[in-house]
Amino acid sequence: MPTVEELYRNYGILADATETHKDAYQAILDGVKGGAKEKRLAAQFIPKFFKHFPELADSAINAQLDLCEDEDVSIRRQAIKELPQFATGDNLPRVADILTQLLQSDDSAEFNLVNNALLSIFKMDAKGTLGGLFSQILQGEDIVRERAIKFLSTKLKTLPEEVMTKEVEEFILTESKKVLEDVTGEEFVLFMKILSGLKSLQTVSGRQQLVELVAEQADLEQTFNPSDPDCVDRLLQCTRQAVPLFSKNVHSTKFVTYFCEHVLPNLSSLTTPVEGLDIQLEVLKLLAEMSSFCGDMEKLESNLKKLFDKLLEYMPLPPEEAENGENAGNEEPKLQFSYVECLLYSFHQLGRKLPDFLTAKLNAEKLKDFKIRLQYFARGLQVYIRQLRLALQGKTGEALKTEENKIKVVALKITNNINVLIKDLFHIPPSYKSTVTLSWKPVQKADAGQKRTSEDTTSSSPPKKAPAGPKRDARQIYNPPSGKYSSNLGSFSYEQRGGFRGGRGRGWGGRGNRSRGRIY
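Please read all numbers here as calculations on a predicted model, not as lab measurements.

Visitor: Any chance you could explain the overall build of the protein here in plain terms?
Guide: The helix and strand inventory of the protein stands at 21 helices and two strands. Every one of the 520 residues in the protein was classed for burial, and the buried ones make up 50%. Taking as baseline every contact in the protein between residues at least 6 positions apart, the subset at least 24 positions apart corresponds to 75%. Entry remark: accessible area of the protein is about 25600 Å², with carbon and sulfur atoms responsible for 47%.

Next up, the structure:
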């Protein structure tokens, strides 16, 4: 083994040489077998003269890798820092593969060096670097796979356009499709983040391609099993990824159809692995968000009927009155405002595509029954809106930020939305012209000149055409049903779970454990 002095002497020979001195370089390679000082020098000298000895390339890279795995962290850091110098020609994918494996380091300084080294070779050859990363994502250890995916999800967006060319983005898409054949829920979300950020997929056709990827991941061709928590969880996660992609040009028809045909009929039997989640409300929220972008549907009338029937379940008939005018029953029906907002909005959106559904597709008795339910709900709604407005009256700023008042503000949005939609349906014939912003979505500014459709939502009278009692003593003869609304504020996000394709979810099927030994 060469000493420090010998290493310096050989360095001098190589630095001053006008011809190659293979033996001097070999002596430097042997420095990796020495002590700490010899190894530190070897870590610097090996890459410096690497390009002059192509016939010793494999030996040189292997020697540097020995140093990358040294017990001394300072030697490892020095060796990793120099690795990009080996990324020349055909060696680059191999160096990228090595650096990807080194992402498993738990030393923060070492981990940052690996990240920086990967970024530096990315700028030399993006496709070659990606080849190394995806090789480990597909075949590497679980910890390496996890960190390689996170590297892509956080670092790709920082790279300049001259690095992220169309050809590079196409390579990312192709390789990502291979990975998506077998992913966990969390991995799927990260890959959707990666792909959604690609410039080439910002177009309508690109977005459509992403929707098709999500639909494939959601297994919309398979039979839906509401009692399987993983099946339900996968559908929700996939749909959440699809929702931001939908637009007037990228339709949600396939997802809306699936929800109407398979999920709504099984709404009450849905199960979820996420503790504390109102799974039924979450499904209805997703359906409502998607319904705005539904295109032409093959079985529109049939699916609208399923949606209508589900809506009726949450819009009770008035309780029967005894001879003395009191309610015959002991309890008033529960009005579940959050559920009704979602279902009514979805019905309103899809109803626009078949505007004569309520008048021509339902018989007179069913239409009459529906209007009675609407009127009853509207009466309870008006009382509740007044109570909420009274409770929030005069409150501004910090006062509105308390948890209790936040819930009341959301409840007021929900009830106002329902009020607008019910009024539309009470028109003769029913109208589908009003627009509302779902209570959990940010309010969009109205276009100049756009007619406001909710300006009279504070009205205390029932919708027009509905028979109503005297307003003055309405409270005396009407005991408002108790309302139920969700305290779930804003957009929902929860822990990503397994249950995705190929069994990578709860058990990492078939991938086996691999040690950190030399697998370069």
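Visitor: Sorry, what's going on with empty space enclosed by the protein here?
Guide: By rolling a water-sized probe across the atoms, one finds the places where empty space is left. Scanning the entire structure with this criterion turns up two cavities of 30 Å³ or more. A volume near 50 Å³ is recorded for the second largest cavity. Forming the walls of the second largest cavity are Ala218, Asp219, Gln222, Thr223, Phe224, Cys231, Arg234, Leu235 and Tyr258. No other element matches helix α13 (residues 229-242), which puts three residues into the lining of the second largest cavity. Split into classes, the residues belonging to the lining of the second largest cavity amount to five nonpolar, two polar and two charged.

Visitor: Any chance you could explain the packing of aromatic side chains here in plain terms?
Guide: In this description, a pair of aromatic rings is defined by centroid distance and the angle of the planes. The full count for this structure, using the stated rule, is 13 aromatic pairs. When the centroid spacing of 6.4 Å and the interplanar angle of 35 degrees are considered together, the rings of phenylalanine 134 and phenylalanine 191 count as tilted. Remark: phenylalanine 191 occurs in helix α11 (residues 185-196) and phenylalanine 134 occurs in helix α8 (residues 126-139); sequence separation between them is 57 residues. Judged on exposure class, the residue phenylalanine 134 and its partner phenylalanine 191 are both buried. The interplanar angle of 50 degrees and the centroid separation of 5.0 Å between the aromatic rings of tyrosine 314 and tyrosine 339 together place this pair among those described as tilted. With tyrosine 314 in the loop between α16 (300-313) and β1 (335-336) and tyrosine 339 in helix α17 (residues 337-351), this pair connects stretches of sequence that are 25 residues apart. Here the aromatic residues Phe308, Phe347, Phe357 and Phe370 are joined through ring pairs into a cluster of three or more.

Visitor: Would you mind showing me how to read the packing of helix α4 (residues 57-68) against helix α5 (residues 73-82) here?
Guide: In a packed pair of helices, the relevant descriptors are the angle between the two axes and the axis-to-axis distance. Put simply, α4 and α5 touch, their axes get as near as 7 Å, and they point 140 degrees apart. By the angle between their directions, the pair α4 and α5 is classed as oblique. Contacts between α4 and α5 pair Gln64, Leu67 and Cys68 from the former with Ile75, Arg76, Ala79, Ile80 and Glu82 from the latter. Looking at side-chain class alone, the contact of α4 with α5 contains five nonpolar, one polar and two charged residues.

Visitor: Which parts of the structure should I look at to understand the nonpolar core?
Guide: In a soluble, globular protein the nonpolar side chains are often hidden away together inside. Residues Ile46, Leu99, Ile172, Phe255, Phe347 and Ile422 are the most contacted members of the largest nonpolar core, which totals 152 residues. Among all residues touching leucine 99, those that are not within four sequence positions of it are Ile80, Leu83, Val114, Ala117, Leu118 and Ile121.

Visitor: Would you take a moment to explain the side chain of threonine 239 for this structure?
Guide: Considering the arrangement of structural elements, one finds threonine 239 in helix α13. By relative accessible area, threonine 239 is classed as buried at 0%. A distance of 2.6 Å separates the side chain of threonine 239 from the backbone oxygen of leucine 235, its partner in a polar contact. In this structure threonine 239 touches Phe255, Phe259, Leu286 and Met290, once residues within four positions along its chain are discounted.

Visitor: So what exactly am I meant to see when it comes to unusual backbone geometry here?
Guide: Excluding glycine, a negative phi dihedral is what most residues carry, and trans is how most peptide bonds are arranged. Residues isoleucine 428 and proline 429 are joined by a peptide bond in cis, for which omega reads -5 degrees. Considering the arrangement of structural elements, one finds proline 429 in the loop between α20 (403-426) and α21 (474-477). Positive phi, close to 55 degrees, is recorded for aspartate 219, a residue that is not glycine. Along the chain, aspartate 219 falls in the loop between α12 (204-218) and α13. According to the relative accessible area criterion, aspartate 219 is partly exposed, its value standing at 23%.

Visitor: Could you clarify how one ought to interpret the environment of leucine 102 in this entry?
Guide: In this fold, leucine 102 is placed in the loop between α6 (91-101) and α7 (108-124). For leucine 102, a relative accessible area of 0% puts it in the buried group.

Visitor: Any chance you could explain α11 here in plain terms?
Guide: Along an α-helix, residues three or four positions apart point the same way, because every turn accommodates 3.6 residues. The end-to-end C-alpha distance of α11, which contains 12 residues, comes to 16 Å, matching closely the 16 Å that a straight helix rising 1.5 Å per residue would cover. Within α11, nine of the 12 residues are buried, which leaves it mostly tucked inside the rest of the structure. On its buried side, α11 packs onto α8, α9 (142-155), α10 (166-179), α12 and α13.

Visitor: I'm lost on the environment of leucine 286 in this one. Help?
Guide: Relative to the helices and strands, leucine 286 is located in helix α15 (residues 279-291). Note on leucine 286: relative accessible area 0%, which makes it buried. Spatially, the C-alpha atom of leucine 286 lies 7.3 Å from that of threonine 239, the residues being 47 residues apart in sequence. Once residues lying within four places of it in the same chain are set aside, the contact partners of leucine 286 are Leu236, Thr239, Arg240, Val243 and Phe259.

Visitor: Sorry, what's going on with α4 here?
Guide: Taking 1.5 Å as the rise per residue, α4 with 12 residues should run 16 Å; its terminal C-alpha atoms sit 16 Å apart, in good agreement. Turning to α4, its buried residues are Ala57, Ala60, Ile61, Ala63, Gln64, Leu65, Leu67 and Cys68. Of the surrounding elements, those touching the buried residues of α4 are α2 (22-29), α3 (36-48), α5 and α6.

Visitor: Please clarify how the pattern of salt bridges should be interpreted in this entry.
Guide: A side chain with one charge can pair with a side chain of the opposite charge if their charged atoms come near. This structure, assessed with the given rule, holds 19 salt bridges. Measuring nitrogen to oxygen at the nearest pair gives 3.4 Å for the salt bridge that ties arginine 94 to aspartate 58. Taken as a pair, arginine 94 in helix α6 and aspartate 58 in helix α4 lie far apart in primary sequence, 36 residues in all. Residue arginine 94 is classed as partly exposed on the basis of its relative accessible area, which comes to 23%.

Visitor: I would appreciate a short explanation of the confidence of the model for the protein in the present structure.
Guide: Interpretation of this model should avoid reading the predicted coordinates in detail wherever pLDDT is low. Averaged over all residues, the pLDDT of the protein is 82; the fraction at 70 or higher stands at 81%. Confidence over residues 446-482 falls short of pLDDT 50; this stretch has 46 contacts with residues more than four positions distant or in other chains. In this model, residues 501-520 is a region of pLDDT below 50 whose contacts with residues beyond four sequence positions or in other chains number 63 contacts.

Conventions adopted
- Residues numbered from 1 in each chain as written.
- Predicted model: local features only at pLDDT ≥ 70, side-chain atom pairs only at ≥ 80, totals over all residues.
- Heavy atoms only, no water.
- Helix = DSSP H or I, 4+ residues; strand = E, 2+ residues; numbered from the N terminus.
- Buried < 20%, exposed > 50% of the residue type's maximum accessible area, 1.4 Å probe, protein only.
- Contact = heavy atoms within 4.5 Å.
- Areas by Shrake-Rupley, 256 points an atom, 1.4 Å probe, with all protein chains shown as cover.
- 1 Å grid on protein atoms, 1.4 Å probe; cavity = no way out; pocket = protein on both sides within 12 Å on 5 of 7 lines; lining within 4 Å.
- Points joined across faces, edges and corners; volume = space filled by probe spheres on them.
- Nonpolar A, V, L, I, M, F, W, Y, C, P; charged D, E, K, R; others polar.
- Phe/Tyr/Trp six-rings, centres within 6.5 Å; stacked < 30°, edge-to-face > 60°.
- Axes fitted to C-alpha atoms, helices over the stretch in contact; angles between N-to-C directions.
- Parallel < 35°, antiparallel > 145°, perpendicular 65-115°, else oblique.
- Core = buried A, V, L, I, M, F, W, Y, C linked by side-chain atoms within 4.5 Å.
- Polar contact = N/O pair within 3.5 Å; in protein donor to acceptor, adjacent residues only side chain to side chain.
- Expected span 1.5 Å × (residues − 1).
- Salt bridge = Lys/Arg side-chain N within 4 Å of Asp/Glu carboxyl O.
- pLDDT = per-residue confidence, 0-100.

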